[in-house]
Amino acid sequence: MEQQLDYAAVRAAAGRISGAVRPAAVVPAAEGVWYALEYLQHTGSFKARGAHNFLAAHRAAGTVPAAGVTIASGGNAGLACAWAARAQGVPATVFLPANAPRVKVERLRGYGADVRLVGDRYAEALAACREFAADSGALAAHAYDNPLVAAGAGTLLDEIRAALPGLDTVVVAVGGGGLFAGVATAAHAHGIRVVAVEPEHCRALNAALEAGRPIDVPVASVAADSLGATRASADALTAVRRDNATSVLVPDEAITAARRALWRDHRIVVEAGAATALAALHTAPRPLGERVAVVLCGANTDPGDL
């Protein structure tokens, strides 16, 4: 199924997911700053948008096989894939390392997924997932590197615009770049600036921008559980090269402080990956009078370490 990521794809995604996902709540946080509370989304993260769009587009095209969909992910993408599959009556097979936390396994099973535990590393689960897709014909889903997934994530931008007229800038955390690529594509159509924020030692997109192509990077950050992609997508690199996009790196200390500040000041609990976006506001000045939306993208975390 040939797809490209452009604003038309984002608008098409908005039509497919309408009524299936929760519209973003946008609330004032400080002078000139609003939070987009996307952690309130189904499954606890923005990933539900892309997963639903991916499956809905394939169902409309008649390209979902009897074996259903498969993905290797114990994180937000796996949860979203299992949720979207259940909602659309599609079988889902999710591969995880055998040492995956039991709570993740049980939550995936709660969404009706067939959970396969393979090996003790993600790479082994991914290899088993690819073998299963090849043998069974199941539709292979990706956590972020797919235009339908990115377009689904990008629907968030127009919802923020509707809630916050005069929006100047949106700030998003970046792992592999699906959320950023989709949001930046939609933002470019409206002349809105996008700030892509990554941990200093988890910088797949920033490194790709520096190298001129996606490259593998080491991953070591408090936010690695959700932003720990070793390589950014080509769509994310294309988006960050546009004149409305900026790449920013923040230290782990700033991420931890931002996460604690969200709890202290607003009683909001998010995962470190979501706090990464806010950390950029705490470490860099912004123009006076600017209207900024910070995307709090996920909250699948243990609040006990706050």
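Heads up: the structure comes first, above all this text.
Residues numbered from 1 in each chain as written. Predicted model: local features only at pLDDT ≥ 70, side-chain atom pairs only at ≥ 80, totals over all residues. Heavy atoms only, no water.

S.K.: Let's hear about the pairing of strand β7 (residues 169–173): which residues, and what values?
M.R.: For β7, the tally of buried residues reaches five of five residues, placing the bulk of the element in the interior. Going residue by residue along β7, you find Thr 169, Val 171 and Ala 173 tucked away on one face and Val 170 and Val 172 tucked away on the opposite face as well. Pairing of β7 with strand β8 (residues 193–199) involves five bridges; the strand directions are parallel. Pairing of Val 170 across the sheet is with Val 194, part of β8. (Buried < 20%, exposed > 50% of the residue type's maximum accessible area, 1.4 Å probe, protein only. Helix = DSSP H or I, 4+ residues; strand = E, 2+ residues; numbered from the N terminus. Pairing = 2+ DSSP bridges.)

S.K.: Would you mind going over helix α1 (residues 7–17) in detail, with residue names and values included?
M.R.: Among the residues making up α1, those that are buried are Ala 9, Val 10, Ala 13 and Ile 17. The buried side chains of α1 occupy one side of the element, clustering within an arc of 100 degrees when seen end-on. Projecting away from the buried face of α1 at angles above 90 degrees are the exposed residues Ala 8 and Gly 15. In the stretch just after α1, Gly 19 is the one whose phi turns positive, near 85 degrees. (Arc of directions from axis to C-beta.)

S.K.: Got a sec to walk through the packing of aromatic side chains? Specific residues and values, please.
M.R.: Evaluated as defined, the whole model comprises one aromatic pair. Between Phe 95 and Phe 132 the ring centres are 5.6 Å apart and the planes differ by 55 degrees, which places this aromatic pair in the tilted class. Of this pair, Phe 95 sits in strand β4 (residues 92–96) while Phe 132 sits in helix α5 (residues 122–136), and the two are 37 residues apart along the sequence. Positioned over the ring face of Trp 263 is Arg 267, at 4.4 Å from the centre of the ring. (Phe/Tyr/Trp six-rings, centres within 6.5 Å; stacked < 30°, edge-to-face > 60°. Lys NZ or Arg CZ within 6 Å of the ring centre and 35° of its normal.)

S.K.: Before we move on, could you go through the pattern of salt bridges and cite the residues and values that matter?
M.R.: Inspection of the entire model under this criterion finds ten salt bridges. Between Arg 11 and Asp 158 there is a salt bridge whose closest N-O contact spans 3.2 Å. With Arg 11 in helix α1 and Asp 158 in helix α6 (residues 147–163), this residue pair connects regions lying 147 residues apart in the sequence. The class for Asp 158 is buried, based on a relative accessible area of 14%. For Glu 210, the salt bridge identified is with Arg 203, shortest N-O distance 3.5 Å. Of the residues examined, Arg 203 reaches a relative accessible area of 21% and is grouped as partly exposed. Through salt bridges with shared partners, a single network forms among Arg 11, Asp 158 and Arg 161. (Salt bridge = Lys/Arg side-chain N within 4 Å of Asp/Glu carboxyl O.)

S.K.: For the sheet that holds strand β10 (residues 292–295), give the residues involved together with the corresponding values.
M.R.: As summarised here, the arrangement of the six strands in space is β1-β2-β10-β7-β8-β9, forming an open sheet in which the pairing is mixed. Of all strands in the sheet, those with a lone pairing partner are β1 (26–30) and β9 (245–250), marking the two edges. Between one strand axis and the next, the sheet turns through 25 degrees on average, direction left out of account. Each of β1, β2 (33–36), β7 and β10 is contacted by α6, which is oriented at about 140 degrees to β10, the strand it contacts most. (Axes fitted to C-alpha atoms, helices over the stretch in contact; angles between N-to-C directions. Contact = heavy atoms within 4.5 Å.)

S.K.: Break down the packing of helix α11 (residues 252–266) against helix α12 (residues 272–283) for me, citing the residues and quoting the values.
M.R.: One can describe the packing of α11 onto α12 by two numbers: an axis separation of 7 Å at closest approach and a directional angle of 100 degrees. The angle between α11 and α12 falls in the class roughly perpendicular. In contact with Ala 254, Ile 255, Ala 258, Arg 259, Ala 261 and Leu 262 of α11, α12 contributes Ala 272, Ala 275, Thr 276, Leu 278, Ala 279, His 282 and Thr 283. Looking at the contact of α11 with α12 residue by residue, the class counts come to nine nonpolar, three polar and one charged. (Parallel < 35°, antiparallel > 145°, perpendicular 65-115°, else oblique. Nonpolar A, V, L, I, M, F, W, Y, C, P; charged D, E, K, R; others polar.)

S.K.: So, the sheet that holds strand β3 (residues 69–72): which residues are in play, and what are the values?
M.R.: If you trace the four strands from one edge of the open sheet to the other, you get β5-β4-β3-β6, paired in parallel fashion. In this open sheet, the two edge strands, each paired with only one partner strand, are β5 (114–117) and β6 (139–140). In this sheet, β4 lies alongside β3 in parallel orientation, the contact comprising four bridges. Bridge pairing in β4 links Thr 70 to Thr 93. Seen against the sheet, helix α4 (residues 102–110) touches β4 and β5 and runs at an angle of roughly 150 degrees to β5.

S.K.: Just give me the short version of the environment of Ala 254, but keep the residues and values in it.
M.R.: For Ala 254, the location among the structural elements is in helix α11. By relative accessible area, Ala 254 is classed as buried at 12%. Along the backbone, Ala 254 and Pro 165 are 89 residues apart, and their C-alpha atoms lie at a distance of 29 Å. Those residues within four positions of Ala 254 in sequence are excluded, and the remaining contacts are Ala 279 and Thr 283.

S.K.: Could you give an account of the environment of Ala 82, naming the residues involved and the relevant values?
M.R.: With respect to the element layout, Ala 82 can be found in helix α3 (residues 76–87). On the basis of relative accessible area, Ala 82 is assigned to the buried category, the value being 2%. Placed 141 residues apart in sequence, Ala 82 and Ala 223 show a C-alpha to C-alpha distance of 23 Å. Here Ala 82 is in contact with Ala 92, Leu 108, Tyr 111 and Ala 113, once residues within four sequence places are set aside.

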